[in-house]
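Single-letter residue listing:
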Amino acid sequence: MGSPSAYSLRALETARQCVMLGARLRTIAHITGLTPGYILRAVYCERYPAPIGRPQYSEDFFFKTTRRLQAEACFLATHYRRLTSEGFRQADALIAAFRHHRATQPESTLGFDQAFFLISRLDGIWAATKSGLSFVECLNCRSPYLAPHGMPQRDSCPVCRTDWRLKSRARARVRTSTPPALAADPPKPKRSRQDVPWQLDLDIAHVRLLGRLQQLGAGDRICAVLAEEPRAQLFRAPRGRPTVTSAYISRPMPLAAWSAKTEVTHRVQYAVFASHFRRLVRLDVTPTEAMCSAFETARRACRDYPKPVTFDRCFEVAALLDAIWGVPAQQLELLQCASCGSHYLVSKAEPHPVGCPFCMLIQRHRTLLPTMAA
Ligand SMILES: [Zn+2]
Ligand SMILES: [Zn+2]
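**Q** How should the pattern of salt bridges be read in this particular structure?
**A** One pass over the full model with this rule turns up 14 salt bridges. One salt-bridge network, in which partners are shared between bridges, spans R212, E289 and E296.

Set out below in C-alpha cells:
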C-alpha cells in the first residue's frame, strides 16, 4: 500500500476535509484507512502541517470538561445522528457536523480529534471497539444529551445547566491563549510557496483520472500510460509480436492497408474522434484530457452505431496521428474530403487508400447503419 491509486477517491477526499479541520494523524488513519506513512507524505503539507502532540482521545474527557463544552459536544453528536439517519456515511456526517459546530460556535475549544473520539464512543467505530455512550432525552429541556450506557442521569443534562449568556472559562481563555482546536488551524500560506503543489490534490486528480479512464473502458496498460504511472516505464514489447504505442498492446492496426481493412463505420468513428482530438490539442489541452474528452464526444455523436470503437483503439489512433505515447513518427493524417467536406483519416503507409468513409456512409447507410435507417 502507499500508492495513491490503491486508495479510493473517497478516502483521499475525506482525508482532505479532515486535515483542513485540524485532524491528527491517528484520527485521519482511523477514518480513512490511509497508512500513516502516506498521510505524513501526502496529506500534510506546508499549508496544513501535522498538528503537534498526541490526539486528545480520552475516555473521560467528556465527563471532566466544562458543562458548556459538554453541551456543545451534545449538539455536535445530535447533528451527527440526524445526518447518519438521513443516510450520510459516518465520516461525512462527522465532518459536516463539525463544520456546523465551527460555524455556530466559532469560539468553542472542542477540537476535531475530540469530536472524532466522542463519535467513536457513541457508535463503537474507528478508535472505539464498542459503543459506550448513548443519547438520553432531558426531561426538562427535551434536548438529547450523551450519557454512559445504562446510566441515564436525567438530572445531569449539560444543555439546560449551561448558562448560555455567560462566557465560559473556556471561551474566556480563547482570548488569551491559543486553544488546541485552533492551534491545529492552518497558518496562512506564504506567498512565495503558494505554487508548491499539494501532493494530496495531485493524488486526488490522479485517482479521479483513473476512475474516468476505467469508466471509458480503457485497458489497464493504457490507463497506466495516460496517468503517467511509474510502472508504465517498465512496459516492454512482447517478444516477436508487433506493437506500436508505449502501452505495447499487441495486434496493432494494419497500417499498410488501413482503409481497406477497417470497417467504414469504424473509420467514421475514428475520424470523428481524431478531429476532436486534434482540435483540443491545438487548444493546448493536455493529450490525456483531449483523449478522454474527444472519445466521449465521438461516442455521443456515434451512439447509435452497431459496433462502437474502443477507447484503446482510439488511443492508438491518437498516438499514430500525433506521434505521441511511444509512436516515433506520424503515421495517420487527417485529410479533408473534396466532395463532402468532412475530415477523415488516411494511413501514410497505404499506397491507395479507399475514399472518404463519410461519403460511403451516406451512400450505404441503409446497410451500414440499419438501426438508424429503421
Ligand atoms: Zn436539559
Ligand atoms: Zn466525403
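**Q** Mind showing me how you'd approach the pairing of strand β2 (residues 144–148) here?
**A** Burial of β2 is extensive: four of the five residues sit out of reach of the surface. Sheet topology places strand β1 (residues 133–137) next to β2; five bridges connect them, and they run antiparallel. Within the sheet, the bridge partner assigned to V136 lies in β2 and is Y145. Linking β1 to β2, which pair antiparallel, is a turn of six residues; within it R142 sits at a positive phi near 70 degrees.

**Q** Help me out: how do you make sense of the coordination of the zinc ion (ligand 2) in this one?
**A** A metal bound by six donors in octahedral fashion has ideal angles of 90 or 180 degrees, whereas one bound by four tetrahedral donors has an ideal angle of 109.5 degrees. Looking at the zinc ion (ligand 2), the protein donor atoms are C337 (SG), C340 (SG), C356 (SG) and C359 (SG), and they sit 2.3 to 2.4 Å from it. Coordination at the zinc ion (ligand 2) is tetrahedral, judged from the four donor atoms that bind it and the angles of 103 to 117 degrees they form at the metal. When the donor residues of the zinc ion (ligand 2) are listed from N- to C-terminus, their spacing reads C-x2-C-x15-C-x2-C. C359 shares its class with C356; the two are buried.

**Q** Hey, could you run me through the coordination of the zinc ion (ligand 1) in this one?
**A** Taken together, the protein ligands of the zinc ion (ligand 1) are C138 (SG), C141 (SG), C157 (SG) and C160 (SG), with distances of 2.3 to 2.4 Å. Here the zinc ion (ligand 1) binds four donor atoms, and the angle range of 103 to 121 degrees at the metal identifies the geometry as tetrahedral. Along the chain, the residues that donate to the zinc ion (ligand 1) are spaced as C-x2-C-x15-C-x2-C. A residue pair is termed long-range when its members are at least 10 positions apart, and C141 in the loop between β1 and β2 and C160 in the loop between β2 and α8 (169–176) qualify at 19 residues.

**Q** Would you mind going over the packing of aromatic side chains with me for this structure?
**A** Two aromatic rings are characterised by how far apart their centres lie and by the angle between their planes. Counted according to the given criterion, the structure contains twelve aromatic pairs. Pairing F273 with F277 gives two aromatic rings, centres 5.8 Å apart and planes at 25 degrees, and the pair type is stacked. Residue F273 and its partner F277 are located together in helix α13 (residues 264–282), separated by four residues, close to a single helical turn. Here F273 and F277 have matching classes, each one buried.

**Q** How should the layout of surface pockets be read in this particular structure?
**A** Any space left empty among the atoms is revealed by the rolling of a water-sized probe across them. Within this model, the second largest pocket holds a volume of roughly 280 Å³. As for the second largest pocket, its lining consists of 13 residues, and the residues nearest its centre are L209, L226, A227, E228 and T288. Breaking the lining of the second largest pocket down by element, the ones donating at least two residues are α10 (199–215) and α14 (287–301). When residues in the lining of the second largest pocket are grouped by element, the largest group, five residues, is from α10. Grouping the amino acids of the lining of the second largest pocket by side-chain chemistry returns six nonpolar, three polar and four charged.

**Q** So what exactly am I meant to see when it comes to the pairing of strand β3 (residues 332–336) here?
**A** A regular strand carries its side chains on alternate faces of the sheet. Bridge count for β3 against strand β4 (residues 343–347) is five bridges, and the pairing is antiparallel. Bridge pairing in β4 places L334 opposite L345. The turn linking β3 back onto β4 is made up of six residues, and G341 within it adopts a positive phi angle of 85 degrees.

**Q** What is the right way to look at the packing of helix α1 (residues 9–20) against helix α2 (residues 25–32) in this model?
**A** Geometry of a packed helix pair, given as the angle between the helix axes and the separation of the axes. Contact pair α1 / α2: the axes reach a minimum separation of 10 Å and the direction vectors enclose 150 degrees. Taken as axis vectors, α1 and α2 run roughly antiparallel relative to one another. As for the relative orientation of α1 and α2, their crossing is right-handed in sense. Counted together, A11, T14, A15, C18 and V19 of α1 and I28, I31 and T32 of α2 form the full contact between these two elements. Residue composition of the contact of α1 with α2, by class: six nonpolar, two polar and no charged.

Quick notes on the rules
Residues numbered from 1 in each chain as written. Chains lettered and ligands numbered in written order. Predicted model: local features only at pLDDT ≥ 70, side-chain atom pairs only at ≥ 80, totals over all residues. Heavy atoms only, no water. Salt bridge = Lys/Arg side-chain N within 4 Å of Asp/Glu carboxyl O. Buried < 20%, exposed > 50% of the residue type's maximum accessible area, 1.4 Å probe, protein only. Helix = DSSP H or I, 4+ residues; strand = E, 2+ residues; numbered from the N terminus. Pairing = 2+ DSSP bridges. Donors = N, O, S within 2.8 Å, 3.2 Å for Na, K, Ca; no water. Tetrahedral: all angles 85-135°; square planar, octahedral: opposite > 155°, others 65-115°. Phe/Tyr/Trp six-rings, centres within 6.5 Å; stacked < 30°, edge-to-face > 60°. 1 Å grid on protein atoms, 1.4 Å probe; cavity = no way out; pocket = protein on both sides within 12 Å on 5 of 7 lines; lining within 4 Å. Points joined across faces, edges and corners; volume = space filled by probe spheres on them. Nonpolar A, V, L, I, M, F, W, Y, C, P; charged D, E, K, R; others polar. Axes fitted to C-alpha atoms, helices over the stretch in contact; angles between N-to-C directions. Parallel < 35°, antiparallel > 145°, perpendicular 65-115°, else oblique. Left-handed = near helix turned anticlockwise from the far one by under 90°. Contact = heavy atoms within 4.5 Å.

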